[in-house]
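# Coordinate analysis (summary)
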Amino acid sequence: MFTSNHGGNIREAAALAGVNPETLIDFSANINPLGMPATLKRALRENLELAQRYPDPDYVALHQALAKHHQVPQRWLMAGNGETELIFQLLAHLAPRHALLLTPGFAEYRRALSRVGCRISDYPLTEADGWQPDDRLVAALTADLDCLILCTPNNPTGLMPDRRLMQAIVSRCAELGITLVVDEAFIDFMPNAAGCTGWLAENPHLWVLRSLTKFYAIPGLRLGYVINSDEQRVAALRAGREPWTINAFAALAGEIVLNDEAYQQATFQWLETERPFLLQALNALPEITVWQGEANYLFFRYDGDKDLQRGLLAQRILIRSCANYPGLDKRYFRVAVKSRADNEALITAFTDISRDTNRGA
Ligand SMILES: Cc1ncc(COP(=O)(O)O)c(C=O)c1O
């Protein structure tokens, strides 16, 4: 139905539904419904004059804040105008010849690899395996590969691979000289997940990508970063970039949000309540099979006979069809976990559509 590759295109959805974009409830982009932290809003208002001068081309204060947060040297880090910019910059810099991608997965890895003429092999995750990789992925790592990209938790499934498996993958990639890129765009929503950053020091072949746009609800401001322990490599990456791609307000955001513990705790509390609520409510619908995602979104299969996305859009609710993910089809969808009121609106709309389905049958 959509031409857009991603969720969050409320302009296109609203035009299709013939409604004002402001009246749509957007479940298609996975953004923290608490909205941007109040501390950041205040700082932005108080620092509007930053627009009148160039940002620091080295973004020293921003890199210091990120380095402090991760307890790593700032020379290991490079911030970017959203993580997406860094996916493209990093893969252009690494210029791999043959990469392995897991399907289904985030679309931009494939676009960025294609741009540098990289051969891409797919490793299919399957429903039969619960959409999770296992030891067969380690066995599939062979010397003819020079890049593996993983997303943890994965988009669109929200599932986190087993930690022991991740460790085995990191080691196997080191043995075979495969660069491992791990996208942790959503890991901040998992307060107990260790992620891969603790392995960076011992593993210079490991690159970790992070986004601040989802957790801190600033997708319009844009901010992400990449971390790697090979300082020369990071210096080369930094040297090759265009100047000032991060605007002054996004840079300021990075200096502020990571210190906002109250916001972080409020987010964890919201998600701890709302994800199980939405999961259970979706599970209770007869045509829906939901996977137990660990991020701020849920992935499900719909076995009813309605055009679910269009039906919900008629009720001003936008969800993400996963039909355009390699390895999936039009039965699969992803929804963000939102506020209780919005989650209830989604379930009510679903129930209406489902009731119609049963009446029609
Ligand atoms: C898995 C994944 N990585 C990275 C990004 C990009 O994030 P950013 O807004 O920081 O560019 C997204 C955005 O949807 C995503 O889903």
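## Regarding the overall build of the chain
Secondary structure assignment for the chain yields 12 helices and 13 strands. What you see for the chain is a C-alpha radius of gyration of 21 Å, in line with the 21 Å of a compact globule of 361 residues. For the C-alpha atoms alone, the extent of the chain along its principal axes is close to 65 × 55 × 35 Å. The buried share among the 361 residues of the chain stands at 54%. In the chain, the proportion of contacts linking residues at least 24 apart, taken out of those at least 6 apart, comes to 71%. Entry remark: accessible area of the chain is about 15,800 Å², with carbon and sulfur atoms responsible for 50%. Here the chain contributes 35 positively and 41 negatively charged side chains, and the mean placements of these two sets differ by 3 Å.

## Topic: the packing of aromatic side chains
Summed over the entire model, instances satisfying the criterion amount to 15 aromatic pairs. Between W131 and Y332, the aromatic rings sit 5.6 Å apart at their centres with planes inclined by 85°, giving edge-to-face as the arrangement. Here the residue W131 occupies a position in the loop between β4 (119–124) and α6 (135–139), and Y332 occupies one in strand β13 (residues 332–336), the gap between them amounting to 201 residues. Across the pair, exposure class does not vary: W131 and Y332 are buried alike. Judged by centre distance (5.7 Å) and plane angle (75°), the ring pair of F300 and F350 falls under edge-to-face. Separated by 50 residues along the polypeptide, F300 in strand β10 (residues 297–302) and F350 in helix α12 (residues 340–360) bring together distant segments of the chain. The structure contains a cluster of three or more aromatic residues connected by ring pairs, namely F189, F215, Y216, Y263 and F268. Seen from the ring of F27, K338 lies directly overhead, with NZ or CZ sitting 5.7 Å from the centre. Residue placement shows R340 over the ring face of F277; its charged tip is 3.7 Å from the ring centre.

## Describing the pattern of salt bridges
Tallying each qualifying case throughout the model produces 17 salt bridges. Ionic pairing is found between E108 and R111, a salt bridge with its closest N-O pair at 2.7 Å. Taken together, the residues E108 and R111, both in helix α5 (residues 108–115) and 3 residues apart, mark about one turn of the helix. The class for E108 is buried, based on a relative accessible area of 5%. A single salt-bridge network, built from bridges that share partners, covers E127, R301 and D303.

## Quick word on the site of the ligand
Neighbouring the ligand are 14 residues, the closest being T84, D183, S211, K214 and R222. Contact distances for the ligand include 2.7 Å between an oxygen atom and a backbone N or O atom of E83. Here the shell around the ligand is built from residues that sort into 5 nonpolar, 5 polar and 4 charged.

## Points about helix α9 (residues 248–257)
The buried fraction of α9 amounts to 8 of the 10 residues, a majority that puts the element mostly inside the structure. A248, F249, A250, A251, L252, A253, G254 and V257 are the residues of α9 that are buried. Against α2 (38–46), α3 (60–70) and α10 (261–283) lie the buried residues of α9. A distance of 2.8 Å separates the backbone nitrogen of F249 from a side-chain oxygen at the start of α9, and that oxygen is part of N247.

## A word on the domain arrangement of the chain
Each assigned domain of the chain is listed here: domain 1 (10–36 + 261–360) and domain 2 (38–257). With centres defined by C-alpha atoms, the gap from domain 1 to domain 2 works out at 26 Å. Taken together, the contacts link 27 residues of domain 1 with 33 residues of domain 2. Here domain 1 packs against domain 2, burying approximately 2,500 Å² in sum over the two surfaces, 66% of which is carbon and sulfur. R301 is the partner of E127 in a salt bridge, and the nearest nitrogen-oxygen pair spans 2.2 Å. The interface formed by domain 1 and domain 2 includes 12 residue pairs in polar contact (both at pLDDT 80 or more). Those elements that place two or more of their residues in the side of domain 1 that touches domain 2 are α10, β10 and β13.

Rules used throughout
Residues numbered from 1 in each chain as written. Predicted model: local features only at pLDDT ≥ 70, side-chain atom pairs only at ≥ 80, totals over all residues. Heavy atoms only, no water. Helix = DSSP H or I, 4+ residues; strand = E, 2+ residues; numbered from the N terminus. Rg over C-alpha atoms; globule rule 2.2 N^0.38 Å. Buried < 20%, exposed > 50% of the residue type's maximum accessible area, 1.4 Å probe, protein only. Contact = heavy atoms within 4.5 Å. Areas by Shrake-Rupley, 256 points an atom, 1.4 Å probe, with all protein chains shown as cover. Lys, Arg positive; Asp, Glu negative; His and termini not counted. Charge placed at Lys NZ, Arg CZ, Asp CG, Glu CD. Phe/Tyr/Trp six-rings, centres within 6.5 Å; stacked < 30°, edge-to-face > 60°. Lys NZ or Arg CZ within 6 Å of the ring centre and 35° of its normal. Salt bridge = Lys/Arg side-chain N within 4 Å of Asp/Glu carboxyl O. Near = heavy atom within 4 Å. Polar contact = N/O pair within 3.5 Å; in protein donor to acceptor, adjacent residues only side chain to side chain. Nonpolar A, V, L, I, M, F, W, Y, C, P; charged D, E, K, R; others polar. Domains from an automatic or database assignment. Buried area = accessible area lost by both parts, 1.4 Å probe.

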